[in-house]
Amino acid sequence: MSVEQTLILVKPDGVQRGLTGEIINRLEKRGLQIVGAKLIHPTRAIAEEHYQEHVGKPFYEGLIEFITSGPVLAMVIQAERAIAISRQTMGSTDPAEAAPGTIRGDLGLTVGRNLVHGSDSAKRGAEEIRIWFDESEIINFEQTMQPWIIES
Ligand code: IDP
Ligand code: MG
């Protein structure tokens, strides 16, 4: 299994509600490694590139308006199976269906304010990271506690 990178966003609702620390904590505590992080107020151009797969859907305009409504905390997270593990910790898209113990299941109520974004495949992860980050903003460093998280 190769190491994957994924783009995680704490959306404007998470930032405004003061939940960035809570959300980072949940991801970090699982052993996921943060290799890039920044607060950014997305432009419409970034938002449109990021959500291109949803063009034409009834919620698209609202989604673009929402994601550009304030700063988001953008992160690059790295681990083996980072995509599956981060999406499991985030919970289902609709917080009403997300399991308790997940970010959306514990902290959210509605699909239009579901706090976090996470890439849904390794390929899309690589593309999304390119949309949000310069290569120089991603730090390749050894996480010394890894032998205590990952069996070699
Ligand atoms: P995901 O974020 O779990 O990957 P997607 O299906 O990729 O879910 O949808 C992207 C985002 O669009 C969701 O996180 C949510 O904020 C928003 N969204 C999806 N479906 C709806 C909907 O039916 N109404 C309003 N917003 C929606
Ligand atoms: Mg998605």
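Quick note: structure is the one above.
Our subject in this report is the structure included herewith.

Cut-offs and rules
- Residues numbered from 1 in each chain as written.
- Chains lettered and ligands numbered in written order.
- Predicted model: local features only at pLDDT ≥ 70, side-chain atom pairs only at ≥ 80, totals over all residues.
- Heavy atoms only, no water.
- Helix = DSSP H or I, 4+ residues; strand = E, 2+ residues; numbered from the N terminus.
- Rg over C-alpha atoms; globule rule 2.2 N^0.38 Å.
- Buried < 20%, exposed > 50% of the residue type's maximum accessible area, 1.4 Å probe, protein only.
- Contact = heavy atoms within 4.5 Å.
- Areas by Shrake-Rupley, 256 points an atom, 1.4 Å probe, with all protein chains shown as cover.
- Lys, Arg positive; Asp, Glu negative; His and termini not counted.
- Charge placed at Lys NZ, Arg CZ, Asp CG, Glu CD.
- Salt bridge = Lys/Arg side-chain N within 4 Å of Asp/Glu carboxyl O.
- Core = buried A, V, L, I, M, F, W, Y, C linked by side-chain atoms within 4.5 Å.

This brings us to the overall build of the protein. Broken down by element type, the protein carries 7 helices and 4 strands. The order of helices and strands in the protein, counted from the N terminus, is β-α-α-β-α-α-β-α-α-β-α. For 152 residues, the compact-globule estimate of 2.2 N^0.38 gives 15 Å, and the protein sits close to it at 15 Å. Principal-axis analysis of the C-alpha atoms places the extent of the protein at approximately 45 × 35 × 25 Å. Looking at the protein as a whole, 43% of its 152 residues qualify as buried. Counted over contacts in the protein with a minimum sequence separation of 6, partners at least 24 positions apart contribute 77%. Of the accessible surface of the protein, which amounts to about 8400 Å², a share of 52% is contributed by carbon and sulfur atoms. Counting 15 positive and 21 negative side-chain charges, the protein places the centres of these two groups 4 Å from one another.

To continue, consider the pattern of salt bridges. In this structure the tally under the stated criterion is 8 salt bridges. Between R26 and E22 there is a salt bridge; the shortest N-O distance is 2.7 Å. In this pair, R26 and E22 both sit in helix α2 (residues 20-29), 4 residues apart, roughly one turn of the helix. With relative accessibility at 33%, the residue E22 sits in the partly exposed group. Where salt bridges share partners, they join K123, R124, E127 and E128 into one cluster.

This brings us to the nonpolar core. Among the nonpolar cores identified, the biggest contains 18 residues, and W132 and F133 are the most heavily contacted of them. Of all the elements in the fold, those that place two or more residues in this core are β1 (3-10), β2 (33-40), α3 (44-50), α4 (60-67), β3 (72-80) and α7 (122-132). When residues of this core are assigned to their parent elements, the largest contribution, 4 residues, is made by α4. In contact with W132, not counting residues within four places along its chain, are L7, L9, K38, I40, P42, I46, H50, V72, A74 and E137. Membership of the second largest hydrophobic core comes to 16 residues, among which are I8, V10, L73 and I77.

Purely geometric stuff here, so don't read any function into it on its own.
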